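# A structural walkthrough
Chain residues, written in single-letter form:
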Amino acid sequence: MSDGRWFDGWSPWPELAGLAAAGRSLLPNVPVTPASLVRTVTEQLVGRRLTTKVDNREVGLTLTELDYPADSLRLATGRIGDVRIVAEDVDWPEPDGGSIPLRRVTVLAEDVRLRSLPTPAAKPARVELLIAVSADVLRERVAKVRPGIVAAPAESGLLQIHWAKRPHWGHLTLEAQVADDAVVLVPRILHIGQKELRPPKRFQPIVLPLPELPQGIKLTKVEPRHDELVLHTVAEEWPERLSRIPLPDLLSWLTTAAMTLTLPKLGARS
């Protein structure tokens, strides 16, 4: 029995057979099941430099990971599982016309399931984004709001700053906290030589405005690492939006991206 006939026979949703048929018309030289079709498209996308439009501005990114446990059996039972997408070297536009280089953007879609009615679509239980910026970007952002101050990630998830003109005088460790539209660096310990002191009250928190995030994204945590700062966010509106995109549209979107190396606009239907 061919892979295509197996899928047609076991799928509880006849619409998914139509998805395989759409795949045959888009990429006629690959296997006919949705699982094998998506795997083939994934192989063409990973490692390639792609472009997309954000607010009418061109954004470049390199797709480095597209991991999912989807196979014909999972598709047939309607439970795909967790999906992980990683893009690196992302040029993210800012309102002032410039851009902020993002080292890495990781999208985690948890417990993705296929829904049959009213149209076949995929719905994740939760979508989380991890946005990583390099230590160089962190230093530049801190220097912009506090000239003469040099910042860097430190151990135990903290940050440290020192005076650029007198680095040997010591440093101050700070804890990164989340505000509505900013990252707030709160002073914790003043290090002078071997001494650890409570920072003077005149050392005020450093407020770093956030880059403009996509609509529906909420910042939940800031994690300093060895050479980068990672913003943890939850995409509160994305699960419902994704569930309104029919599977054939998603398949066409992936195929167009693989063929043109351009990410087309993926609109949601109400």
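Residues numbered from 1 in each chain as written. Predicted model: local features only at pLDDT ≥ 70, side-chain atom pairs only at ≥ 80, totals over all residues. Heavy atoms only, no water.

### With respect to the pattern of salt bridges
- For the structure on display, the rule yields 15 salt bridges.
- For Asp-91, the salt bridge goes to Arg-49, with nearest N and O atoms at 3.5 Å. Of this pair, Asp-91 sits in strand β3 (residues 79-93) while Arg-49 sits in strand β1 (residues 49-54), and the two are 42 residues apart along the sequence.
- Look at Asp-91 and you get partly exposed, because its relative accessible area is 34%.
- Of the charged contacts, one joins Glu-65 and Arg-84 as a salt bridge, the two residues approaching to 3.0 Å between their closest N and O atoms. A residue pair is termed long-range when its members are at least 10 positions apart, and Glu-65 in strand β2 (residues 57-67) and Arg-84 in strand β3 qualify at 19 residues.
- A residue is classified by how much of its surface remains accessible, and Glu-65, at 26% relative accessible area, is partly exposed.
- The partly exposed category is assigned to Arg-84, whose relative accessible area is 33%.
- One continuous salt-bridge network, built from bridges that share partners, spans Arg-103, Arg-104, Glu-223, Arg-225, Asp-227 and Glu-228. (Salt bridge = Lys/Arg side-chain N within 4 Å of Asp/Glu carboxyl O. Helix = DSSP H or I, 4+ residues; strand = E, 2+ residues; numbered from the N terminus. Buried < 20%, exposed > 50% of the residue type's maximum accessible area, 1.4 Å probe, protein only.)

### Brief notes about the packing of aromatic side chains
- Under the criterion given, the structure shown has one aromatic pair.
- Ring geometry for Trp-163 and Trp-169: centres 5.5 Å apart, planes at 55 degrees, overall tilted. (Phe/Tyr/Trp six-rings, centres within 6.5 Å; stacked < 30°, edge-to-face > 60°.)

### Looking at the confidence of the model for the protein
- Overall, the prediction assigns the protein a mean pLDDT of 79, with 79% of residues at 70 or greater.
- Here residues 1-16 is modelled with pLDDT under 50, and outside its nearest four sequence neighbours on either side it reaches 28 contacts, counting other chains as well. (pLDDT = per-residue confidence, 0-100. Contact = heavy atoms within 4.5 Å.)

### With respect to the side chain of Thr-52
- Relative to the helices and strands, Thr-52 is located in strand β1.
- With near-sequence residues (within four places) excluded, Thr-52 lies in contact with Arg-57, Glu-58, Val-59, Leu-61 and Leu-263.

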